[in-house]
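Listed below, chain by chain, are the residues.
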Amino acid sequence: MTGSERTFKLTIEYDGTAYHGWQRQGRLPTVQATIERVISILIQEPVTLIGSGRTDRGVHALGQVAGFRSRTRLACSALMQGMNALLPEDIVVHSCIEVPSCFHPRHDAISKTYRYNLFNGAVRKAVGRQYAWHVHRPLDLEAMQLGLAYVVGTHDFKAFESTGSPKVHTVRTIYRADLNEEHGLIRIEFTGNGFLRCMVRNLVGTLVEIGLHRYPASEMNRMIASRDRRQAGVAAPAHGLFLVQVNY
């Protein structure tokens, strides 16, 4: 390896079913560790891969962004081809580009989009079951839409932050929150400037409880104002969640 250090930006898709999340965790299988191992084989040096953020165990990604630095002289196309040849089938690199050295996948992100999939039907699905939460009781989508409207804007989302990793600042801005349904498949998407740990799953779990008429839609506003995790609904299962896109 010769020459000056280069900075690479990767866009990655992965099925999180077999992994204990994105972040490296000792000997446990994680997405970060798996990709780092492959890159190190290709460039013949240890590498640290920095992601735009963590995804929890079982969460998937369509557009996770990560970066690393190396003095390798391999072209981006060769790196991408080599990574995809060595990576397992549940991880694929969609792009590899060289970027300025000041680029940081997490700090430079302007917004992220997450999608949560629900399947609402009396009979469960066999195909695609690992990518959507099955709710067998009928959901009131109009009530869920009303509840979702309270989420948009700048709020303190502490009531929707999972315990164990509290942030000092829990105010986030949600630019867009949409709900669409087709043939029983419900997609809920959030675009915001940042998300707390399990925030999307906690919001979706609360929306489902609203859809089941356990709470009126207006309770979402009260829960946000409470800043108390005990006041909000249950967390939706991880397997329905996707990191769709990171914007810079």
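Structure first, text after, so check above.
The rules behind these values
- Counting of residues starts from 1 at the beginning of each chain's written sequence and follows it residue by residue.
- Confidence filtering applies because this is a predicted model: local features only for residues at pLDDT of at least 70, side-chain atom pairs given and counted only at 80 or more, and all residues used for totals across whole chains, interfaces and linings.
- Calculation of side-chain values draws on the structure's entire complement of heavy atoms; hydrogens and water are dropped beforehand.
- In this description a helix means any DSSP run of H or I spanning at least four residues, a strand means any run of E spanning at least two, and both kinds are numbered starting from the N terminus.
- Here, a salt bridge means any side-chain nitrogen of Lys or Arg that lies within 4 Å of a carboxyl oxygen of Asp or Glu.
- The cut-offs for exposure are 20% and 50% of the maximum accessible area for each residue type, with area from a 1.4 Å probe on protein chains only; residues under the lower value are buried, those over the upper are exposed, and the others partly exposed.
- Here, the arc refers to the directions that run from the helix axis to the C-beta atoms.

## Description of the environment of Arg27
Here's step 1: With respect to the helices and strands, the residue Arg27 is situated in the loop between β1 (6-14) and α1 (31-43).
Here's step 2: Along the primary structure Arg27 and Gln245 are separated by 218 residues, whereas in three dimensions their C-alpha atoms are 28 Å apart.

## Examining the pattern of salt bridges
Here's step 1: With the rule as written, the count across this model stands at 10 salt bridges.
Here's step 2: In this structure, the salt-bridge partner of Asp178 is Arg176, at a minimum N-O distance of 2.4 Å.
Here's step 3: According to the relative accessible area criterion, Asp178 is partly exposed, its value standing at 29%.
Here's step 4: What makes Arg176 partly exposed here is its relative accessible area of 31%.
Here's step 5: Taken together, the shared-partner salt bridges connect Arg115, Arg176, Asp178 and Glu189 into one network.

## Remarks on helix α2 (residues 76-86)
Here's step 1: Within the span of α2, buried status applies to Cys76, Leu79, Gly82 and Met83. One side of α2 carries all its buried residues, which in axial view fall inside an arc of 130°. For α2, the exposed residues set more than 90 degrees away from the buried face come down to Ser77, Gln81 and Ala85.

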